[in-house]
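# A look at the structure
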Amino acid sequence: MSTVQLQDKRALEAVWADPPGFMGWLKTVDHKRIARRYFVTALVFFALAGLLALVMRLQLARADNTLVGPDLYNQLFSLHGSAMMFLFAVPIMQAAGIFLVPLMVGTRNIAFARLNAFSYWIYLFGGLLIFVAFVLNIGPEAGWFAYVPLSGPQYSAGKRTDIWAQMITFTEAASLIVAIELVVTAFRLRAPGMLLRRIPLLVWSQVVTSFMVIFAMPAVMLASSFLISDRLVSTQFYNPAEGGDALLWQHLFWFFGHPEVYIIFIPALGMVSEIIATFAARPAFGYLALVLSLAVTGFFAFGLWVHHMFVTGLPPAGMSFFTAASLVISIPTGVQIFCWIATLATGGAIRFTTPLMFVVGFFFIFIIGGLTGVMLASVSLDSQVHDSYFVVAHFHYVLIGGAVFPLFGGFYYWFPKLTGKRLSERAGKWNFWLFFIGFNLTFFPMHILGLEGMTRRVYTYGADTGWTPLNLLATIGSAIIAVSVIVFVVNVILSLRRGAPAGANPWNGTTLEWGTSSPPPSYGFADLIYVGSRQPLKITPLAYVTGLPTRMRTSLATTLADARPDHITPDPNPSIWPLVTALAVTVLFIGSIFTPWALIWGSVPVTIALIGWFWPTEKQARDLQACEVKPEEGRAPRLVEIGP
Amino acid sequence: MNDRIRVLDVSGLQTYAYGHRSLMWWGTLGMILIESTVFALAIGSYFYLRGLSVTWPPHGAPPVLTYGTINTGVLLLSAIPNQWTKHQAERENLRGTRIGLVICLVFGAIFLAIRGFEFGALQTSWNTSAYGSIVWALLLLHTIHLVTDFIDSAVLTVLMFTGPISGRRFVDVSENTLYWWFVVLSWLFIYATIYLAPRMPP
């Protein structure tokens, strides 16, 4: 006879459910709700930034067009790039981590759940700041990489660049916070039994990305802080007349900017691995090679930044090093592609669903982008096509092919888990083919335009250049992409309204997120699932973990290497303080665009908000005391059998 | 067919743990990684700018050593009460922890006061040259850490006096001392950069 019971779902729901209504919406710290928020917000920014691109394409559709003038065009491409990178690509990849990592490691919530809520709010406020600024005609104007001296006090008067620089501070702070949460969740909250070698590939990809965020994002925050202080309080960091240097900006920016590409791309690789494994009905071929490739890519990504600066006149020896590094980084990517091909080739019956189609589209487009990347690693070729449409074509092949296609695949794949509804497969195929054709029509001609000498960031071109037909083709392609995105949005809306219920595991997935209902309950899993293999759900009967206190929110902390139960750790309750703190931080950040004194007076409300955040409530204190087991009183976990 | 299920019962497990077993320790470590990267890049920028200049400092004298050196001494000395507080917290000795935290706060206050004089002794302004800008940036960056850690420790000290006291509170104290170690050790690099580098031949 055993006294052990499986966990009481009603008791769990009572402590894990958010308060009802609008206040509950503001106070939630549930990683699933916050991830959903991130998805919606990032997709809205994606659509807005896409609309900016459409306007640019319309302007370029014919020679000597006068639809938009040069000043507005500068703002269009600057905001398009900045929003796509800082407000769409990085946040949505991290949102995937916020949603999936806790579920895939089989825990109840993300580590530091209140910080998670805070990160969303400052991301949102940073994004609103720059789009509101654009509407008020003070949008960014110096490109997404804001080179000095163009972005410096001399050539970018007014507040445009200051607002851009503070948007960076907002979004990078959010992104750094999420990176820490994801690392700690993957390191310390894994379900018992999930040894390092049983961690799902997507989780590995998020861990590698998070470490890259931790080492890369500080560079752009520092660089943009130097920039804003040059502009506001006359520091001389980038002013050559007073011992400063414009190239210092480029070094700091690209020390972040190159890893940034991989920060967007590596989570996508994790998605590809999961999708391929599921639809080939076998575990991914070459698990160790795949994990090591991710880590190696993350490592090498920090040794490439100078290849963005080949035309700045750096010493040739240095350039050779960066050429070599840029060539080498294609090797781990190649390894992964061969592993995926092997998985597909040796799997069971392959199911050609929409997620897998997006993955195959990724192969095709990304490989082209990778090839032009290897070409651009050569200094002589890069010097020829630098700042031309060839580069624009290359990085759209890499970023859209490498990140957005897998992302859409991932969206179709995990949408049932996120919402409990399935997306229409038929609309999904339309979505895919329109996107695939539209994408290639838009960006392939840009290779040729670039080789013919068309430079980036020109708002128009003369009829005598003969570039009209290819530009018109690109514009037609971009319209097709727009249609494809509309198909996607309609598919999402209709499926939410009347899609087929997904059930817990619609694709026969074998990782833990498919082991709970769709959408998952507030507490994630009633009983944590014991992980006995790399495909934990394939083991029958499943073994569970039980005995976590249900009086308050708790999770099980496990050891880093072998995921043995270590201690029970309380989880934060819903709280309004993350939002209040985010508002206080927003006042400080926006205030500092106008006066440096905002750093002083603005920090007072931030401090008060943080104290409010950390001050324990009475109920919390009572619960903590009631559940407390001191280290010396703790009892080791016991293995028991229950049942009839 | 066996219908019985195997269950791992964790109900008696301890609810907090010290050091690297605590989640917050890992969170603090993540913060430290981020901040270290910021410091490293700022110091890298300093030497990058120095490499562009024939003389260093470009004009004027290097920062006066007095206050910076006194402060380095104070900071290194503060490691002793800091480590003692950590020890008291991990033994869950409330009285010792309270005393330790107050001593640490006093050290922090002295340090901040002397820091005020340090800014005055830099012998350069942030807007005269890139040298002035980066020196001010380095000192300001470190001061922000001092101030935040001071406020954070003050709140924790108040909580240790007002209660409610739970085991996790002692874990917080223990981790607070980890962060202080970072503030101390990072200062040594920044001190060497601001005060010693301009005195070295290029």
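Residues numbered from 1 in each chain as written. Chains lettered and ligands numbered in written order. Predicted model: local features only at pLDDT ≥ 70, side-chain atom pairs only at ≥ 80, totals over all residues. Heavy atoms only, no water.

## Comments concerning the overall build of chain B
- Broken down by element type, chain B carries five helices and one strand.
- Along chain B, helices and strands appear, N-terminal first, in the series β-α-α-α-α-α.
- The C-alpha atoms of chain B give a radius of gyration of 22 Å, which is well past the 17 Å a tight globule of 202 residues would have.
- Buried positions account for 55% of the 202 residues belonging to chain B.
- Surface exposure of chain B reaches about 8,500 Å², of which carbon and sulfur atoms provide 71%. (Helix = DSSP H or I, 4+ residues; strand = E, 2+ residues; numbered from the N terminus. Rg over C-alpha atoms; globule rule 2.2 N^0.38 Å. Buried < 20%, exposed > 50% of the residue type's maximum accessible area, 1.4 Å probe, protein only. Areas by Shrake-Rupley, 256 points an atom, 1.4 Å probe, with all protein chains shown as cover.)

## Details of the overall build of chain A
- Regarding its fold elements, chain A presents 20 helices and five strands.
- Each of the three principal axes of chain A carries a C-alpha extent, and together these read 90 × 65 × 50 Å.
- Here chain A, with 644 residues, has 62% of them falling under the buried criterion.
- Look at the contacts in chain A between residues 6 or more apart in sequence, and 80% of them connect residues 24 or more apart. (Contact = heavy atoms within 4.5 Å.)

## Some remarks on the sheet that holds strand 1 (residues 5–9) of chain B
- Reading across the sheet, the four strands line up as 1(A)-2(A)-1(B)-5(A) and stay open at both edges, with mixed pairing between neighbours. Both outer strands of the open sheet, strand 1 (528–529) and strand 5 (638–642) of chain A, are each paired with one neighbouring strand and no more.
- As paired strands, strand 5 of chain A and strand 1 of chain B are joined by five bridges and run antiparallel to one another. Considered in strand 1 of chain B, the bridge of Ile-642 of chain A is made with Ile-5 of chain B. (Pairing = 2+ DSSP bridges.)

## Looking at the interface of chain B and chain A
- The interface of chain B with chain A comprises 55 residues on the first partner and 70 residues on the second.
- Between chain B and chain A lies a buried interface of about 5,900 Å² when both sides are counted; carbon and sulfur atoms form 67% of it.
- When the buried surface of chain B facing chain A is broken down by residue, Arg-6, Leu-8 and Leu-23 of chain B rank first, second and third, together holding 13% of it.
- Run the count over chain B and chain A and you get three salt bridges.
- For the interface between chain B and chain A, the tally reads 22 residue pairs in polar contact (both at pLDDT 80 or more).
- Those elements that provide at least two residues to the side of chain B that touches chain A are strand 1, helix 1 (23–51), helix 4 (130–162) and helix 5 (167–196) of chain B.
- Among the elements that line the side of chain B that touches chain A, the one with the most residues is helix 1 of chain B, at 15 residues. (Buried area = accessible area lost by both parts, 1.4 Å probe. Salt bridge = Lys/Arg side-chain N within 4 Å of Asp/Glu carboxyl O. Polar contact = N/O pair within 3.5 Å; in protein donor to acceptor, adjacent residues only side chain to side chain.)

## Focus: the packing of aromatic side chains
Residues and elements named next belong to chain A.
- Following the criterion strictly, the structure yields 82 aromatic pairs over all chains and no others.
- Centroid distance Tyr-397 to Phe-439: 4.8 Å. Interplanar angle 65°. Geometry classified as edge-to-face. On the criterion of sequence distance, the pair formed by Tyr-397 in helix 14 (residues 389–419) and Phe-439 in helix 15 (residues 425–451) is long-range, its members being 42 residues apart.
- Directly above the ring of Trp-25 sits Arg-37, whose terminal nitrogen or CZ lies 4.3 Å from the centroid.
- Positioned above the aromatic ring of Phe-145 is the side chain of Arg-457, whose terminal nitrogen or guanidinium carbon lies 4.5 Å from the ring centre. (Phe/Tyr/Trp six-rings, centres within 6.5 Å; stacked < 30°, edge-to-face > 60°. Lys NZ or Arg CZ within 6 Å of the ring centre and 35° of its normal.)

## Looking at a nonpolar patch on the surface
Residue and element names in this part refer to chain A.
- Taken together, the side chains of Val-587, Trp-597, Leu-599, Ile-600 and Trp-601 make up a nonpolar region of the molecular surface, amounting to roughly 590 Å² of accessible area.
- At three residues, the largest contribution of residues to the nonpolar patch is made by helix 18 (residues 598–601).
- Within the element layout of this structure, Trp-597 appears in the loop between helix 17 (577–594) and helix 18.
- The exposure class assigned to Trp-597 is exposed, which follows from its relative accessible area of 59%. (Patch = residues over 30% accessible without salt bridge, like charges linked within 9 Å, V, L, I, M, F, W, Y side chains within 5 Å.)

## Overview of the pairing of strand 3 (residues 554–558) of chain A
Residue and element names in this part refer to chain A.
- Burial of strand 3 is extensive: five of the five residues sit out of reach of the surface.
- Taken together, the five bridges between strand 3 and strand 4 (residues 565–570) define a ladder with antiparallel strand orientation. Paired with Ala-557 across the bridge in strand 4 is His-567.
- Once strand 3 ends, the chain turns through six residues before running back antiparallel as strand 4, passing Ala-563 with a positive phi of about 50°.

## Description of the packing of helix 11 (residues 330–346) of chain A against helix 12 (residues 354–376) of chain A
Residues and elements named next belong to chain A.
- Running from N to C, helix 11 and helix 12 cross one another at 155°; their axes reach a closest spacing of 12 Å. Considering their axes alone, helix 11 and helix 12 lie roughly antiparallel with respect to each other. The two elements helix 11 and helix 12 meet at a crossing, and its hand is left-handed. From helix 11, Ser-330, Thr-333, Ile-337, Trp-340 and Leu-344 reach across to helix 12, where they touch Leu-356, Phe-362, Phe-363, Phe-366, Ile-367 and Val-374.
- For the contact of helix 11 with helix 12, the class distribution of residues is nine nonpolar, two polar and no charged. (Axes fitted to C-alpha atoms, helices over the stretch in contact; angles between N-to-C directions. Parallel < 35°, antiparallel > 145°, perpendicular 65-115°, else oblique. Left-handed = near helix turned anticlockwise from the far one by under 90°. Nonpolar A, V, L, I, M, F, W, Y, C, P; charged D, E, K, R; others polar.)

## Notes on helix 7 (residues 201–232) of chain A
All names here are of chain A.
- In this model helix 7 runs 45 Å from its N-terminal to its C-terminal C-alpha over 32 residues, within 8% of the 46 Å that 1.5 Å per residue would give.
- With 27 of 32 residues buried, helix 7 is to be regarded as a mostly interior element.
- Taken from the residues just after helix 7, Ser-234 is the one with a positive phi, measuring 55°. (Expected span 1.5 Å × (residues − 1).)

## Considering the pattern of salt bridges
All names here are of chain A.
- Per the stated rule, a full pass over the model turns up 18 salt bridges over all chains.
- With a shortest N-O distance of 2.8 Å, Asp-162 and Arg-231 are connected by a salt bridge. Taken together, the positions of Asp-162 in helix 6 (residues 160–188) and Arg-231 in helix 7 put the pair 69 residues apart, joining distant regions of the chain.
- We classify Asp-162 as buried; its relative accessible area is 1%.
- Here Arg-551 and Asp-623 are joined by a salt bridge, their closest N and O atoms 2.7 Å apart. Residue Arg-551 is located in the loop between strand 2 (544–546) and strand 3, and its partner Asp-623 is located in helix 20 (residues 618–627); the two are separated by 72 residues in the primary sequence.
- The network of salt bridges with shared partners includes Asp-18, Arg-33 and Arg-553.

## Section: the nonpolar core
- By size, the foremost hydrophobic cluster in this structure holds 253 residues, and its most contacted members are Trp-164 and Tyr-238 of chain A.
- If we skip the residues at most four places from it in the chain, Trp-164 of chain A touches Ser-82, Phe-86, Ile-130, Pro-140, Gly-143, Trp-144, Ala-146, Leu-227, Trp-249 and Phe-253 of chain A.
- Tyr-18, Met-160, Phe-170 and Val-171 of chain B belong to the second-largest nonpolar core, a separate cluster that totals nine residues. (Core = buried A, V, L, I, M, F, W, Y, C linked by side-chain atoms within 4.5 Å.)

## Considering the packing of helix 4 (residues 70–104) of chain A against helix 8 (residues 246–279) of chain A
All names here are of chain A.
- Packing of helix 4 against helix 8 leaves a shortest axis separation of 10 Å and a crossing angle of 40°. Viewed along their axes, helix 4 and helix 8 adopt a mutual orientation that is oblique. Crossing handedness for the pair helix 4 and helix 8: left-handed. Together, Met-85, Phe-86, Ala-89, Val-90, Met-93, Ala-96 and Met-104 of helix 4 and Phe-256, Glu-260, Ile-263, Ile-264, Pro-267, Ala-268, Met-271 and Glu-274 of helix 8 make up the contact between the two elements.
- For the contact of helix 4 with helix 8, the residue count by class is 13 nonpolar, no polar and two charged.

## Overview of the environment of Thr-193 of chain B
Residue and element names in this part refer to chain B.
- If you trace the backbone, Thr-193 turns up in helix 5.
- The class of Thr-193 is buried, set by a relative accessible area of 4%.
- For the pair Thr-193 and Leu-138, spaced 55 residues apart in the sequence, the C-alpha separation amounts to 8.9 Å.
- Here Thr-193 is in contact with Ile-43, Tyr-46, Phe-47, Leu-138 and Pro-198, once residues within four sequence places are set aside.
- A polar contact is formed between the side chain of Thr-193 and the backbone oxygen of Phe-189, at a distance of 2.7 Å.

## A few points about the environment of Gly-547 of chain A
- Positionally, Gly-547 of chain A belongs in the loop between strand 2 and strand 3.
- In this structure, the C-alpha to C-alpha distance between Gly-547 of chain A and Pro-637 of chain A, residues 90 residues apart in sequence, is 9.3 Å.
- Leave out the neighbours within four places in its chain, and Gly-547 of chain A touches Gln-7 of chain A together with Asp-9, Val-10 and Ser-11 of chain B.

So yeah, pure geometry; function would need other evidence.
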